[in-house]
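As a plain string of letters, each chain reads:
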Amino acid sequence: MSKPQSSGTVKRAPEEAPEARVGSPGRFATLWRRFSRNRLAVIGLGIVTTMILTAIFAPLLAPYDPYGQNYAVTLQSPNGTYLLGTDSLGGDILSRVIHGSRISLQASLTSVGIAIGLGVPLGLISGYFRGFLDEVLIMRLIDSIQAFPFLILALVIAAILGGGLTFAMIAIGIGFTPAFVRITRGQVLTVRNLEYVQAARSVGVGHLPIMLRHVLPNSLPPLLVQTTLALGYAIIAEATLSFLGLGASPGVPSWGSMLYQAQSYLTSAWWMAFFPGMAIFFAVLGFNLLGDGIREALDPKMQS
Amino acid sequence: MAYLVRRLLLTIPILLIVSVMVFSMINMIPGDPATVILGQEAPEEAREAMREELGLNDPIVVQYASWLGDTVRGDLGDSLVDGAPVLSLILQRIPPTFQLALGAFMISLLISVTVGILSASRRGTWVDYLGTVFALGGVSIPHFWLGMMFIVVFAVGLGWFPASGYVPFFQDPVANLYAMVLPVIATGLRQSGELTRMLRSSLLEELGSDYVRTAFSKGLSRRFVVIRHAVRNALIPFVTASGLQVAGLLGGLVVTETVFQIPGLGRLVVESILSRDYTTVQGSILVIALTVILVNLLVDILYALVDPRTRVQQ
C-alpha cells in the first residue's frame, strides 16, 4: 500500500519530494498538519492519550481499592456509590477497569516491543542478504509460524512457559513477530537495489552501517503504522489469554481476567462483562484510528 | 504449471518445519507425561517404566522420527488423560468447528462485500462514513466479548436463542442451527471488519485507475463500471485476504467455542492444554496447522488462476 519512500541520505528539492519521511524536523510539521486535519485520527490520539493518562494516574482516579473485596456489596448493579457496579467479590468495577488500563498498556507495550526486537532485525537481514538465509531459513520459518493461528500459537507458547501475565506477553510478542519480519523485509527489498544503496556499497560502506543508516530508515513509516495497530491487537490478545486462564490471574484487575470472572455471571450481572469489554473496545479503537491516521498522513494518496 | 510445481515444492519445507515445531513445542511443556498418566503418587519405578514404554528415554531425533512415522500413518497417539485415540477425539470435534468456521466465513464475506462496495462506490458520503465506522468497530471489538453481550441480550434478555451448548446437526437440525446463530454472527462480524477495510481500499484504488476513467468516458453507467470492471479487479487481493483470514478465524474459534461452550477443535486445544494432555494438544494443533497450510495453498492456486500475472512472474 505504501510506496517506497526516499532515503534519508539523498537531498531532493522540496517540489520533488512529495512524500513525507519520519525523522527530519520539517517533515514532522508537515506530517502533523496532515494528521491533525483527519478528524478520526485526532479522536484516536485522544483515546490513546486518555488511556495512557488513566494508566499513569490510576491510583488517583480510582475511587476504591482495585483489589478490595467487600462481601456486603457483591453483584450490585451500577448505582450512585459504585458507578459501574460491583463484581462477585464485591470489588468496584470502575476502580478495576481504571487499574486494568495499566496492565493492558504494559502487556501491549512489552509484547509489541518483543515483536519489534525480534522481527525487525530478522526482516532486515533476510531482505538485505537474500539467498539461502532468506529463502530457505528465515522466510520458511516465518511461513511455518504463520501456519499456526496466532491465538493458538500464543496459547501453546504461554502453556510451555507456564502461564501468567509475563509469559503471556512473551507469547504474544512471538506471535506478532512474523508480521514485523514481513513488513521490514518487504521494505528492504524495495530499496536494496536502488542507486544510493549501491553507491554506498561501492565506496566500501560495510553491511551493518548500510542496513542501519540507509535501509532501515526507509522501513520506518510502515513499521510505525504496524506498531500502532499491533499495540491495539495486543490488548485484545492479552485479554483473550487472560480470559482463557493463561494470562493474568483471576484476582488481578486486568480487563481479560475481569471477563473471565464475569463469564459465570452473564445471566445475573451483565455489568461485570459489559464495562471491561467496552474498555478493551475503546482502547483498541483508539490505536486503530491512530494507526490509520498515521498511515494516511505518511501516504497522502490514501487521503480522502 | 511451473508456478504450481514451485508452489507445491515450497510447501514441503513448511510441512517439515511445522512438524518439528509441533513436536518440539510439546516436548518443551513443563511436566512429565508419565506423571500425568500415572499420577503424582505412582512410584518412581513405575514412572520410569512408563517413560521407557512411551519412548521418552530415546534420543530426541529417534523420538521425532518415530512420532513423524506414526503421524504420517494417521496414528496421533492416545490421550494422556483418558487413553482414547487422539485422532478420534479430533474427528469428533471437527463438525462443530467446521460448521462455525464456514458459517462465520460466509457471514463475513456477505457483510464485507456489501459494505465494502457500498462504501467505496459512495466515497465521502454518509454511507461510506457508516461503513468505515462499522469496519473499524469490527476490527476493534474483542469478538468473545461480543459473543458474551449477545448472550446477555439475545439469550438471557430476549430469550430468542440458547445461551450456549451444541446439538449435532443430524440429531436435530433446527436446534443445531438455533444454537449456531449467535456464535456464527459474533465471529463473522469480527472477521468482516478487516475484510471490509481491505475491499474498500482495493476498490478505491481500482476506481482511481485509468481504465475506470476510460470506461466512464465511454459513457458506461456507474453501476456497470463498478461491478463489471472495478470490483472484478479489486476482488483479486480480496480473495487472498479472505483465504489468509482462515488462520485467524480458526484461532478466534478457540474463544468463541469457550464462550458458547461448543465442543469444537479450539475448545479441545484449550482443554487439553489446561489438563496437560500433551498428545492431544500435539495432534490438534498439527491438524489446525495442516488445515491452514492447505487453505493457503488453495488460495495461492486460485490466485494464480484468477490473475495470470502471478504465473508469468514466477
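For the structure, see preceding data.
Anyway, here's the lowdown on the structure attached to this text. These numbers come from a predicted model, not from an experiment. (Residues numbered from 1 in each chain as written. Chains lettered and ligands numbered in written order. Predicted model: local features only at pLDDT ≥ 70, side-chain atom pairs only at ≥ 80, totals over all residues. Heavy atoms only, no water.)

**A short note on the overall build of chain A**
Here is the rule: Helix and strand labels come from DSSP, where a helix needs a run of H or I of at least four residues and a strand needs a run of E of at least two; each type is numbered from the N terminus. Whether a residue is buried, partly exposed or exposed follows from its accessible area with a 1.4 Å probe, protein chains only, as a fraction of its type maximum: under 20%, in between, or over 50%, in that order. For this analysis, residues touch if any pair of their heavy atoms sits within 4.5 Å. Where accessible areas are quoted, they stem from the Shrake-Rupley method and a 1.4 Å probe; at the residue level, only the protein chains shown are allowed to cover. All tallies of charge rest on Lys and Arg as positive and Asp and Glu as negative; His and the ends of each chain are not included. Each charge is placed at NZ for Lys, CZ for Arg, CG for Asp and CD for Glu.
Summing up its helical and strand segments, chain A has eleven helices and zero strands in all. Secondary structure elements of chain A occur, N-terminal to C-terminal, as α-α-α-α-α-α-α-α-α-α-α. When its C-alpha atoms are laid out on the principal axes, chain A stretches across 75 × 45 × 30 Å. Here chain A, with 304 residues, has 55% of them falling under the buried criterion. Considering only intrachain contacts with a sequence separation of at least 6, the fraction spanning at least 24 residues in chain A is 71%. When the accessible surface of chain A is split by element, carbon and sulfur atoms take 65% of a total near 12700 Å². The positive charge centre, built from 20 side chains, and the negative charge centre, built from 14, are 8 Å apart in chain A.

**Re the side chain of A:T227**
All names here are of chain A. Note the threshold: Polar contact criterion, stated in full: a pair of N or O atoms within 3.5 Å, where within protein one must be able to donate a hydrogen and the other to accept it, and residues adjacent in sequence count only if both atoms are side-chain atoms.
Looking at the secondary structure, you find T227 in helix α9 (residues 207–243). What makes T227 buried here is its relative accessible area of 17%. A distance of 2.6 Å separates a polar atom in the side chain of T227 from the backbone oxygen of L223. Ignoring any residue separated from it by four or fewer positions in sequence, one finds T227 in contact with V112, I116 and F180.

**Points about the packing of helix α5 (residues 131–146) of chain A against helix α1 (residues 2–28) of chain B**
Put simply, the rule reads: In this analysis an axis means a line fitted to C-alpha atoms, helices contributing only their contacting stretch, and an angle means the value between N-to-C directions, from 0 to 180 degrees. By definition, any crossing whose near helix is turned counterclockwise from its far helix by less than a right angle is left-handed, and any crossing with a clockwise turn is right-handed.
Two elements in contact, α5(A) and α1(B), have axes separated by 9 Å at closest approach and are oriented at 65°. For the pair α5(A) and α1(B), the crossing hand works out as right-handed. Contacts from A:R140, A:L141, A:D143, A:S144 and A:I145 of α5(A) reach α1(B) at B:L10, B:P13, B:I14, B:I17, B:V18 and B:M21.

**Section: the interface of chain A and chain B**
We apply this condition: Buried area counts how much accessible surface, traced with a 1.4 Å probe, disappears from two parts once they are put together, with both parts' losses summed. We define a salt bridge as a side-chain nitrogen of Lys or Arg found within 4 Å of a carboxyl oxygen belonging to Asp or Glu. Classification used: nonpolar for Ala, Val, Leu, Ile, Met, Phe, Trp, Tyr, Cys and Pro, charged for Asp, Glu, Lys and Arg, polar for all others including Gly.
Between chain A and chain B, the contact holds 46 residues from the first and 46 residues from the second. Note on chain A versus chain B: buried area summed over both sides is about 4000 Å², and carbon and sulfur give 80% of it. Ranking the residues of chain A by area buried against chain B places A:F148, A:I160 and A:L266 at the top, with a combined share of 15%. The residue A:D292 makes a salt bridge to B:R197 at a minimum N-O spacing of 2.9 Å. Viewed at the interface, chain B and chain A are joined by three residue pairs in polar contact (both at pLDDT 80 or more). For the side of chain A that touches chain B, the elements supplying multiple residues, two or more each, are α5, α6 (150–161), α9, α10 (255–262) and α11 (270–298) of chain A. Ranked by residue count, the leading element in the side of chain A that touches chain B is α11(A), at 13 residues. Split into classes, the residues belonging to the side of chain A that touches chain B amount to 33 nonpolar, nine polar and four charged.

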